[in-house]
Amino acid sequence: MELYLDTSDVTAVKRLARIFPLAGVTTNPSIIASGKIPVDVVLPELKEALGGNSRLFAQVMGSHAEQMVADARKLRAIISDIVVKIPVTAEGLAAIKILKKEGIPTLGTAVYGASQGLLSALAGAEYVAPYVNRIDAQGGDGIQTVKDLQQLLKLHAPAAKVLAASFKTPRQALDCLLAGCESITLPLDVAEQIITTPAVAAAVAKFEKDWLAAFGVQGL
Ligand code: E4P
């Protein structure tokens, strides 16, 4: 499977790249905007923080295919192997088709429905990103959407992968993985929660306390 962080925080990526088996980093316009660092600065910094063999994802702006395609070329000029995120709107689908012909890999994003996601894969997107928590927040079923999308891709667009996104809890991510999802992107707080369970810290502290009481040293 591929595990990504959904962030543009370079310091956090450096820290977590040491700990997690990361495949790379995903971003979106809101994430980049929150850091207030322009893409031509932050994307190379993220790439360097990740080290070799990792994938970066960044999103185009604009509501017309021509502008999305122009933005995609700009992003590729900044990072030559970046995967370009395209919202799966009518114009976005047109942009994905053009970029496929140009050999630029894309991810269909802002996916709230399985058929919408399938269309982006059929247009040529390499990844499709269903928004699990946002679907749940609308009264839908994010995990079921992921399952439906996976089944649709398997049947009709087997070259494309689900990259599940928009998580608020580790449980949502776990349910996606149990459903067979092959790639996920986690926001920093959810990634941190997975490795900072209070019970684990308490168990390790008790081992240390018992050892110290018996032998007077902390190491073996
Ligand atoms: C990924 O493609 C999305 O940009 C992102 O995961 C959305 O997450 P949010 O719902 O937490 O904003």
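Structure: see above.
Now for a description of the structure that goes with this document. Bear in mind the structure is a predicted one, so any value in this text is a computation, not a measurement.

### Observations concerning the overall build of the protein
- Helix and strand content of the protein: 11 helices and 8 strands.
- Considering the protein as a whole, with its 220 residues, one finds that 46% of them fall into the buried category.
- Contacts spanning at least 24 positions in sequence make up 55% of the contacts within the protein whose residues lie at least 6 apart.
- Carbon and sulfur atoms form 59% of the exposed surface of the protein, whose accessible area is close to 11200 Å².

### Looking at the side chain of N133
- Of note, N133 is situated in helix α7 (residues 132-137).
- For N133, a relative accessible area of 18% gives the class buried.
- Non-local contacts of N133, meaning those with residues more than four positions away in its chain, are made with A165, S166, F167, K168 and Q172.

### A closer look at the sheet that holds strand β7 (residues 161-164)
- In space, the 8 strands of this closed barrel follow the order β1-β2-β3-β4-β5-β6-β7-β8, with parallel pairing throughout. Taking each pair of neighbouring strands and ignoring which way they run, the sheet shows an average axis angle of 25°.
- Two strands pair when backbone bridges link them, and strand β4 (residues 83-87) and strand β5 (residues 106-111) are joined in this way by 4 bridges, in the parallel orientation. Pairing of K85 across the sheet is with L107, part of β5.
- Lying over the sheet, helix α4 (residues 65-78) contacts β3 (55-59) and β4, oriented at roughly 160° with respect to β4.

### A short note on the nonpolar core
- Formed by 58 residues in total, the largest nonpolar core has its most connected members in L43, L153, A164, C176 and I184.
- Not counting chain neighbours up to four residues away, the residues in contact with I184 comprise M1, E2, L3, Y4, L163, A164, F167, A173, C176 and L177.
- Counting residues in each nonpolar core, the second largest holds 10 residues, with Y4, F57, V83 and Y127 among its members.

### Quick word on the site of the ligand
- Taken together, D6, N28, K85, T109, Y131, R134, A165, S166 and K168 make up the full set of residues near the ligand.
- In this structure, an oxygen atom belonging to the ligand sits 2.7 Å away from a side-chain N or O atom of S166.
- Protein chains shield 86% of the accessible area of the ligand, which is 350 Å² for the free molecule.
- Counted by class, the shell around the ligand contains 2 nonpolar, 3 polar and 4 charged residues.

### Some thoughts on the environment of A165
- The residue A165 is located in the loop between β7 and α9 (170-178) in this model.
- Classification of A165 by relative accessible area gives buried; the value is 8%.
- Distance in space between the C-alpha atoms of A165 and K97 is 23 Å, their sequence separation being 68 residues.
- The contact partners of A165, leaving out residues within four places of it in the chain, are A129, P130, Y131, V132, N133 and T185.

### A word on the pattern of salt bridges
- Overall, the coordinates contain 7 salt bridges when judged by the stated rule.
- The salt bridge partner of D81 is K47, with a shortest N-O separation of 3.3 Å. On the criterion of sequence distance, the pair formed by D81 in the loop between α4 and β4 and K47 in helix α3 (residues 39-50) is long-range, its members being 34 residues apart.

### Points about unusual backbone geometry
- If you check the backbone angles, N53 has positive phi at about 60° while not being a glycine.
- N53 sits in the exposed class, given a relative accessible area of 82%.
- Unusually for a residue other than glycine, S166 sits at a positive phi of about 65°.
- Looking at where S166 falls in the secondary structure, it is placed in the loop between β7 and α9.

### With respect to the packing of helix α6 (residues 114-123) against helix α8 (residues 142-156)
- Contact geometry of α6 with α8 gives a least axis separation of 9 Å together with a crossing angle of 35°. By crossing handedness, the relation of α6 to α8 is classed as right-handed. Packed against α6, whose contacting residues are A114, S115, G117, L118, A121 and L122, the element α8 presents T145, D148, L149, L152, L153 and H156 at the interface.
- The residue makeup of the contact of α6 with α8, split by class, is 7 nonpolar, 4 polar and 1 charged.

Analysis parameters
- Residues numbered from 1 in each chain as written.
- Predicted model: local features only at pLDDT ≥ 70, side-chain atom pairs only at ≥ 80, totals over all residues.
- Heavy atoms only, no water.
- Helix = DSSP H or I, 4+ residues; strand = E, 2+ residues; numbered from the N terminus.
- Buried < 20%, exposed > 50% of the residue type's maximum accessible area, 1.4 Å probe, protein only.
- Contact = heavy atoms within 4.5 Å.
- Areas by Shrake-Rupley, 256 points an atom, 1.4 Å probe, with all protein chains shown as cover.
- Pairing = 2+ DSSP bridges.
- Axes fitted to C-alpha atoms, helices over the stretch in contact; angles between N-to-C directions.
- Core = buried A, V, L, I, M, F, W, Y, C linked by side-chain atoms within 4.5 Å.
- Near = heavy atom within 4 Å.
- Polar contact = N/O pair within 3.5 Å; in protein donor to acceptor, adjacent residues only side chain to side chain.
- Nonpolar A, V, L, I, M, F, W, Y, C, P; charged D, E, K, R; others polar.
- Salt bridge = Lys/Arg side-chain N within 4 Å of Asp/Glu carboxyl O.
- Left-handed = near helix turned anticlockwise from the far one by under 90°.

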